[in-house]
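Residues per chain, in single letters:
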Amino acid sequence: MNRPPSDPAALLALAQDNDRVALARLISLVERGGEPGLAVARLAYRSAVPYTVGLTGAPGSGKSTLTDRLITVARTGWGGPSPEALDQVGVLAIDPTSPFSGGAILGDRVRMQQHVLDPSVFIRSMATRGHLGGLALAVPDAIRVLGAAGLPVVIIETVGVGQMEVEVASAADTTVVVVTPGWGDSMQANKAGLLEIADLFVINKADRPGVRETRRDLDQMLELGGAHDWRPPILETVATDGAGVGEVWDAVVNHRSFIESGAKDVRRRARLRVELDKVLSAMVRSRIGALARGDAYEGQIDSLLAGTTDPYRAATELLGDA
Ligand SMILES: Nc1nc2c(ncn2[C@@H]2O[C@H](COP(=O)(O)OP(=O)(O)O)[C@@H](O)[C@H]2O)c(=O)[nH]1
Ligand SMILES: [Mg+2]
């Protein structure tokens, strides 16, 4: 087999022609960051943005199992072929806790095994690498690459570990928060944050006791959260046997219609603000990195030691030199 080219435009042309190796290569470039990653991101930026569904929740809550089922429903409809069935789906499994794609991701792939060989499903895991802005920027870039390759819908699975949930949610059009019976006891601290990002709640492992209490808990939370245009529905699933998964996809499609009838531009604008702020801070940080070394910098440290300047003046002079 020929090695794929390394030129982003050539790779993208191949990816648009359904070459999954080229697509995987593009995502790796984005993940690694640096100049080649930037070139890919900028190229992909001009393409259509795929509809993005985020799944987030505690480790072990069943996100991968549910994603696996959702892929099937999205591809084939449920209760028979659906006119809205998608011919292609992309999945990004994000593990913010791992610097490398490792064990947890391997588990995810096993759980999505039935789709790994399906050419119309593209599954990829991402971990934190050298990207300038970390995953918070690499994820939206990767989503755009998938869109540029022609995938109309992307599902992102993230392990819920606080801030990361919020960041990934800001990259998703519809955010599904997956909880399990009894979750309230362990997630007390994070409830408000989850409420803020959830467009949909799924109580997975509904085959276990405590579903009613969990639903009551979520309902109460939503009441306290006040009135909004969209009230996140609460659905129940048993991802292991597929029960309730069709209804989850329906709710995603409903939410999509809701935001496309009005809130979509507002959401995308808010998302672009977050993204531009991140790019700005990453660039400024890297400029600071460059300023905080070298002769001029060491010279200012000498002057500080000698007591002939102060840090404010020193910083102003360094900025002036830049
Ligand atoms: N009893 C039960 N187990 C489930 C259900 N969904 C997932 N699991 C199991 O929970 C474990 C973790 O699932 P996984 O999808 O890897 O969770 P993730 O870490 O959120 O991606 C696996 O052993 C699954 O088989 C469910 O609805 N009921
Ligand atoms: Mg998983």
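Computed from a prediction, not measured in an experiment: that's the story for all the values here.

Bringing the confidence of the model for the protein chain into the picture now. Of the residues in the protein chain, 80% reach a pLDDT of 70 or more, and the chain-wide mean stands at 82. Predicted confidence in the protein chain is weakest over helix H5 (residues 103–111), with a mean pLDDT of 51, and strongest over strand E7 (residues 234–236), with 98. The model gives residues 99–106 a pLDDT under 50, and that stretch makes 11 contacts with residues more than four places away or in other chains.

Quick look at the side chain of Arg124 now. By secondary structure assignment, the location of Arg124 is in strand E3 (residues 121–127). Of the polar contacts made by the side chain of Arg124, one reaches the side chain of Glu31; its length is 2.9 Å. For Arg124, the residues in contact, after removing those within four places along its chain, are Ala24, Ile27, Ser28, Glu31, Val91, Leu92 and Ala93.

Even without glycine at this site, Asn18 takes up a positive phi of about 75°. Here Asn18 shows up in the loop between helix H1 (8–16) and helix H2 (20–32). Of the residues examined, Asn18 reaches a relative accessible area of 47% and is grouped as partly exposed. Unlike most non-glycine residues, Lys205 shows phi in positive territory, near 60°. Within the element layout of this structure, Lys205 appears in the loop between strand E6 (200–203) and helix H11 (211–224). Its relative accessible area of 22% is what places Lys205 among the partly exposed residues.

Looking now at helix H3 (residues 34–44). Burial in H3 covers these residues: Gly37, Val40, Ala41 and Ala44. Axial view of H3: buried residues confined to an arc of 100°, hence all on one face. Those residues of H3 that are exposed and aimed more than 90 degrees away from the buried face are Glu35 and Arg42. The elements touched by buried residues of H3 are H1, H2 and helix H7 (135–148).

Conventions we followed
Residues numbered from 1 in each chain as written. Chains lettered and ligands numbered in written order. Predicted model: local features only at pLDDT ≥ 70, side-chain atom pairs only at ≥ 80, totals over all residues. Heavy atoms only, no water. pLDDT = per-residue confidence, 0-100. Helix = DSSP H or I, 4+ residues; strand = E, 2+ residues; numbered from the N terminus. Contact = heavy atoms within 4.5 Å. Polar contact = N/O pair within 3.5 Å; in protein donor to acceptor, adjacent residues only side chain to side chain. Buried < 20%, exposed > 50% of the residue type's maximum accessible area, 1.4 Å probe, protein only. Arc of directions from axis to C-beta.

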